[in-house]
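Secondary and tertiary structure notes
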Amino acid sequence: ETGVTQSPTHLIKTRGQQVTLRCSSQSGHNTVSWYQQALGQGPQFIFQYYREEENGRGNFPPRFSGLQFPNYSSELNVNALELDDSALYLCASSLHGPAETQYFGPGTRLLVL
Amino acid sequence: EDQVTQSPEALRLQEGESSSLNCSYTVSGLRGLFWYRQDPGKGPEFLFTLYSAGEEKEKERLKATLTKKESFLHITAPKPEDSATYLCAVQRIDSGNTPLVFGKGTRLSVIA
């Protein structure tokens, strides 16, 4: 059984560009949540997908969007990048629904210049 | 609004010197309190889930306890490999979306 994987591991973009981050959930897990973690802070909830539908959203603007695919993998898209979007982006998956324990991937480190 | 406060922000211990990390929380109906360990530049690694006051869980040198207002992570005779940031998170009882609300973490350094 493989754990949660994320790609790429690191990414450098310039302000105004768009970025897509990818996540493969742990085998059999049907729920994926995305978090943003700034340096020295705890992870902040962006949104969650359950069986391909958005199932809740944190306090992030609409330029943060996502998808979940039939195999339960997921994408996070960020448009019009700002300097403050520089952070570690974490994907977490859970088995059989949103109320289960969430297991995190290694994260994608995004730097916006 | 759900809130989690962790203390201290940073803790430096000598190898073998036991101590405790604190997680104070406010939540309107607790479904679970979670402890994670995070190494620099890595994703959080799941340690424990606690569901009700009085519950305790142990794993190697770590023991987590829960009351109605706070949780403690006790570290007994720590080793340098226990150095990491320890994150506490709460999950509210809800009919739908149940995101984790995290504290800022306690950065633990264990010196040989």
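Summarised in this report is the structure supplied together with it. Just so it is clear, the structure is predicted and the values come from calculations on it, not from any experiment. (Residues numbered from 1 in each chain as written. Chains lettered and ligands numbered in written order. Predicted model: local features only at pLDDT ≥ 70, side-chain atom pairs only at ≥ 80, totals over all residues. Heavy atoms only, no water.)

1. Regarding the sheet that holds strand 3 (residues 19-26) of chain B
Hydrogen bonds between backbone groups are what pair the strands of a sheet, and the pairing can be parallel or antiparallel. Residues and elements named next belong to chain B. Pairing is antiparallel in the open sheet, where five strands are placed in the order 1-3-8-7-6. A single partner strand is all that each edge strand has here, and the edge strands are strand 1 (3-7) and strand 6 (56-59). Going from strand to strand, the sheet's axes swing by 15° on average, the running direction of each strand aside. Summarising the sheet, strand 1 and strand 3 pair through five bridges and their orientation is antiparallel. Directly across from glutamine 3, in strand 3, lies its bridge partner threonine 26. (Pairing = 2+ DSSP bridges. Helix = DSSP H or I, 4+ residues; strand = E, 2+ residues; numbered from the N terminus. Axes fitted to C-alpha atoms, helices over the stretch in contact; angles between N-to-C directions.)

2. Let's talk about the pattern of salt bridges
Taken as a whole and assessed by the stated rule, the structure comprises nine salt bridges over all chains. The partner of glutamate 55 of chain B in a salt bridge is lysine 57 of chain B, with the nearest N and O atoms 3.8 Å apart. Since its relative accessible area comes to 30%, lysine 57 of chain B is described here as partly exposed. Put simply, Arg63, Glu82 and Asp85 of chain A are held in one network by salt bridges that share partners. (Salt bridge = Lys/Arg side-chain N within 4 Å of Asp/Glu carboxyl O. Buried < 20%, exposed > 50% of the residue type's maximum accessible area, 1.4 Å probe, protein only.)

3. What about the state of the cysteines?
Residues and elements named next belong to chain B. Under the criterion given, the structure shown has two disulfides over all chains. In this model, cysteine 23 is linked to cysteine 88 through a disulfide, with the two sulfur atoms separated by 1.9 Å. Taking the torsion about the S-S bond as the criterion, the cysteine 23 to cysteine 88 disulfide, at about -60°, is left-handed. Residue cysteine 23 is found in strand 3, and its partner cysteine 88 is found in strand 9 (residues 84-92); the two are separated by 65 residues along the sequence. The class for cysteine 88 is buried, based on a relative accessible area of 0%. (Disulfide = S-S within 2.5 Å.)

4. Comments concerning the interface of chain A and chain B
The interface is formed by 23 residues belonging to chain A together with 20 residues belonging to chain B. Of all residues in chain A, the largest losses of buried area upon contact with chain B belong to Ala99, Thr101 and Phe104 of chain A, amounting jointly to 27% of the total for that side. Counting across the chain A and chain B interface gives zero salt bridges. The tally of links between chain A and chain B comes to four residue pairs in polar contact (both at pLDDT 80 or more). By residue number, the principal contributor to the side of chain A that touches chain B is strand 6 (residues 53-57) of chain A, which donates three residues. When the residues that make up the side of chain A that touches chain B are grouped by side-chain class, the tally is 10 nonpolar, 10 polar and three charged. (Contact = heavy atoms within 4.5 Å. Buried area = accessible area lost by both parts, 1.4 Å probe. Polar contact = N/O pair within 3.5 Å; in protein donor to acceptor, adjacent residues only side chain to side chain. Nonpolar A, V, L, I, M, F, W, Y, C, P; charged D, E, K, R; others polar.)

5. Quick word on the nonpolar core
If you look at soluble globular proteins, the nonpolar side chains tend to sit buried side by side. Of all hydrophobic cores here, the largest spans 24 residues; its most connected members are Tyr25, Leu33, Trp35, Leu73 and Tyr86 of chain B. Going through the elements one at a time, strand 2 (10-14), strand 3, strand 4 (30-38), strand 5 (45-50), strand 7 (62-66), strand 8 (70-75), strand 9 and strand 11 (106-111) of chain B are the ones with two or more residues in this core. Tallying contributions element by element places strand 9 of chain B first for this core, with four residues. Among all residues touching tyrosine 25 of chain B, those that are not within four sequence positions of it are Gln3, Val4, Leu30, Leu33, Leu66, Thr67, Lys68, Lys69, Glu70 and Val90 of chain B. One finds Phe47, Leu76, Leu81 and Tyr89 of chain A within the second-largest nonpolar core, a separate group that totals 20 residues. (Core = buried A, V, L, I, M, F, W, Y, C linked by side-chain atoms within 4.5 Å.)

6. What about the environment of glutamate 55 of chain B?
All names here are of chain B. In this fold, glutamate 55 is placed in the loop between strand 5 and strand 6. Sequence spacing of glutamate 55 and threonine 65 is 10 residues, and the spatial spacing of their C-alpha atoms is 6.0 Å. Excluding residues that lie within four positions of it along the chain, glutamate 55 makes contacts with Thr49, Leu50, Ala64, Thr65 and Leu66.

7. Digging into a nonpolar patch on the surface
Residues and elements named next belong to chain A. On the surface, Ile12, Leu111 and Leu113 cluster together to form a nonpolar patch covering roughly 310 Å² of accessible area. Here isoleucine 12 shows up in strand 2 (residues 10-13). Given a relative accessible area of 60%, isoleucine 12 falls into the exposed group. (Patch = residues over 30% accessible without salt bridge, like charges linked within 9 Å, V, L, I, M, F, W, Y side chains within 5 Å. Areas by Shrake-Rupley, 256 points an atom, 1.4 Å probe, with all protein chains shown as cover.)

8. Regarding the pairing of strand 11 of chain B
Residues and elements named next belong to chain B. Where burial is concerned, the two faces of strand 11 differ: the one with Thr106, Leu108 and Val110 is buried and the one with Arg107, Ser109 and Ile111 is not. Pairing between strand 2 and strand 11: five bridges, direction parallel. Residue pairing across strands places leucine 13 opposite valine 110, the latter belonging to strand 11. Across three bridges, strand 9 lies against strand 11 in antiparallel orientation. Residue pairing across strands places alanine 84 opposite leucine 108, the latter belonging to strand 11.

These results come straight from atomic positions and should not be treated as a statement about function.
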